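Structural description and commentary
Okay, here's what each chain looks like letter by letter:
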Amino acid sequence: MTRRSPTARLWRAIPPGLRQPLGLAAGLIALAWLVICLIGPAIAPFDPLAQDLPRFSPPGEVSFLGTDELGRDLFSRILAGARVTIGLALVLVCLSMLIGSLLGLLAGFFGRWVDEAIMRFTDLVMAFPTVILAMVTAAALGASLFNAVLAALVVSWPQYARVVRSIVLGLRGNDFVWSGRLLGFSAVRSIRVDILPGTMGPTLVLASLDIGTAALLLSGLSFLGLGARPPTPEWGSMVSAAVSHFDKWWLGVFPGLAILTVVISFNFIGDALRDALDPGVAPR
Amino acid sequence: MPSERAPVIRARDIEVVYPGHPPVRAVRGVSFDLFKGEVVGLVGESGCGKSTIAKVLTGLVRPAGGAVEYHGQPIRPLGVRRRPLFQTGIQMVFQDPGSSLNPRRPVGPQIRDGLELALRRRRQAGPGDPAQPAGPTANPGDWLERVGLAAGDQTRYPGSFSGGQRQRVATARALAAEPDVLIGDEPISALDASTQAKVAYLMSKLAVSQGAVLLFISHDLSVVRLIADRLLVMWSGRIVESGPTEAVWSNPGHPYTKVLLGAIPAPDGAGRLPAVPAGTAAFDAPPVIHDDP
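Some thoughts on the pattern of salt bridges
Counting across every chain of the model gives 18 salt bridges over all chains. The residue aspartate 113 of chain B makes a salt bridge to arginine 189 of chain A at a minimum N-O spacing of 2.9 Å. Of the two residues, aspartate 113 of chain B is situated in helix H2 (residues 107–124) and arginine 189 of chain A in helix H8 (residues 187–223); the pairing between them involves two chains. The closest approach of N and O atoms between glutamate 38 of chain B and arginine 230 of chain B, which form a salt bridge, is 2.8 Å. One end of the pair, glutamate 38 of chain B, is in the loop between strand S2 (24–34) and strand S3 (39–43); the other, arginine 230 of chain B, is in strand S9 (residues 230–235), with 192 residues separating them in the sequence.

Comments concerning the sheet that holds S3 of chain B
Residue and element names in this part refer to chain B. Strand order in the open sheet formed by seven strands is S6-S7-S8-S3-S9-S10-S11, with mixed pairing between adjacent strands. Across the chains shown, the open sheet's two edge strands, defined by having one partner strand only, are strand S6 (90–93) and strand S11 (288–289). Direction of pairing for strand S10 (residues 238–244) relative to S11: parallel, over a ladder of two bridges. The residue bridging glutamate 241 from the neighbouring strand is valine 288, located in S11. Across the sheet, helix H1 (residues 50–58) is in contact with S3, S6, strand S7 (181–185), strand S8 (213–218) and S9; its angle to S7 comes to roughly 150°. Packing against the sheet, helix H5 (residues 193–209) makes contact with S3, S6, S7 and S8, and its axis sits at approximately 160° to S8.

Focus: the environment of aspartate 194 of chain A
Assignment of secondary structure puts aspartate 194 of chain A in helix H8. Among the residues examined, aspartate 194 of chain A registers a relative accessible area of 3% and is labelled buried. For the pair formed by aspartate 194 of chain A and glycine 180 of chain A, sequence separation is 14 residues and the distance between their alpha carbons is 7.7 Å. Discounting residues that sit within four places of it in the chain, aspartate 194 of chain A has contacts with Leu171, Phe176, Val177, Gly180, Phe185 and Arg189 of chain A together with Asn102 and Arg105 of chain B. Looking at aspartate 194 of chain A, its side chain comes within polar contact range of the side chain of asparagine 102 of chain B, at 2.8 Å.

Describing the pairing of S9 of chain B
Residue and element names in this part refer to chain B. Burial within S9 is extensive, with six of its six residues counted as buried. Taken together, the four bridges between S3 and S9 define a ladder with parallel strand orientation. Considered in S9, the bridge of glycine 41 is made with leucine 231. Sheet topology note: the S9/S10 ladder contains six bridges and is antiparallel. For leucine 232, the partnering residue across the bridge sits in S10 and is serine 242. Hairpin remark: S9 followed by S10, antiparallel, with two residues in the connecting loop; positive phi at serine 236, about 50°.

Here is what the cut-offs are and how they apply
- Residues numbered from 1 in each chain as written.
- Chains lettered and ligands numbered in written order.
- Predicted model: local features only at pLDDT ≥ 70, side-chain atom pairs only at ≥ 80, totals over all residues.
- Heavy atoms only, no water.
- Salt bridge = Lys/Arg side-chain N within 4 Å of Asp/Glu carboxyl O.
- Helix = DSSP H or I, 4+ residues; strand = E, 2+ residues; numbered from the N terminus.
- Pairing = 2+ DSSP bridges.
- Contact = heavy atoms within 4.5 Å.
- Axes fitted to C-alpha atoms, helices over the stretch in contact; angles between N-to-C directions.
- Buried < 20%, exposed > 50% of the residue type's maximum accessible area, 1.4 Å probe, protein only.
- Polar contact = N/O pair within 3.5 Å; in protein donor to acceptor, adjacent residues only side chain to side chain.

Quick look at the structure:
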């Protein structure tokens, strides 16, 4: 093995998909948003809820990105909103991964009627258009951020269940799984030791690809008034509020850009992870 | 004469049918006994039902008919529930070295699974239990050394071993469980010629030294001859000839066995091809059973 400098080794540690300019930019943007999630409110120049600035001040006058119809600083609200949108998207992805993986594991490992029951239910949920089902659920539950996450959860777990089930079906027939069972592994131990680790890679890739979609779905629900309630700084509801003031372009463009960059950058990271973990897809 | 002792495995009239259109009768009325400390070679061509026999003995396949007893107890098919501790005395080394070990775990912990099972069986098995394992406790490193690898290899992953080395590790794991029946389901067929004999010999040596019976399944007669005390020749789901290895080898009685032995290439440079009869009708001849000497 040849010796490499620490910089070169660090470079090799980055997934190949992220090593090109576009991927690197996406990675940095995503990283920046994650940092903003953590420290956003601390670096915000104004209180995101305070209504003490001039109303509809364009970008650059009173504040960096201007102010909204109630005299709140747009920049501070976008920074504070990162925690709401990205944070909840992460929570949503984690929950759907957990629920979907668990159901997929059970269906794939036990097969027969367990598989039939779980997968038919999954098909049932997947048969509905995602956004419509989420909207109906959110509307039925009542408008709140918590209910929006719950509604999004209802539509986003099935894909994990399907992917994990198909991986488990492939793994289950392996000789090493049978060897484990012959060595007296219980079903739980067999799943934990021989099956679960094999499902992790593809599931994490799916999850990272899903973060952008989840952010989009949550801000979409908020945009429709089914998610965040005023005055919570949420990007979707900020865009929604901008609709009635179409001439004040900054109100909609900046929160929109925030959503766009989050969705694109996390999708790029998901792509890169997939390329890195799946040798079948050649890195572009 | 082994028949004076109680067999470890007693199989009577096993029938296995795989569902399909039409259903496949993989095993048609197979009976045999396996005795403590012997090496039995189960030979025959691909698809003759050899591996199915292995799966029946380990409970991976439920026979459609007949009975298999392990120390006088019927073997319970493996379902969702954990395998009965008593039956974990039957262990198996699988055919494909690429999938017989979990690629995501170092080999040390995988061998430890076998050791833990042996410990559990010792704790549970009462005195006088015929399946009770005996012998000193070992660690994964000891076992790696016993199969000709280094004790330091336990932190390595299966992917970094060759096929032959992986089958050694799989053998170590199965034997670490201190079984009294070890089944090798074509464990050497995916290995290259120079490794085959070594792995086969290692398996038989270790199994016999533990007092286990080794059922060695293979289509390679020349290797089986080196290690087996007794041969079972299978054709089309039936045992067509059985007896001590030398008796079958030197005096094959059944037409199929003759063809099987004739198919072994002789390294004389003459390039003879085995004489294959025009049809398989001759193979329907009654089974030949060689008596023990």
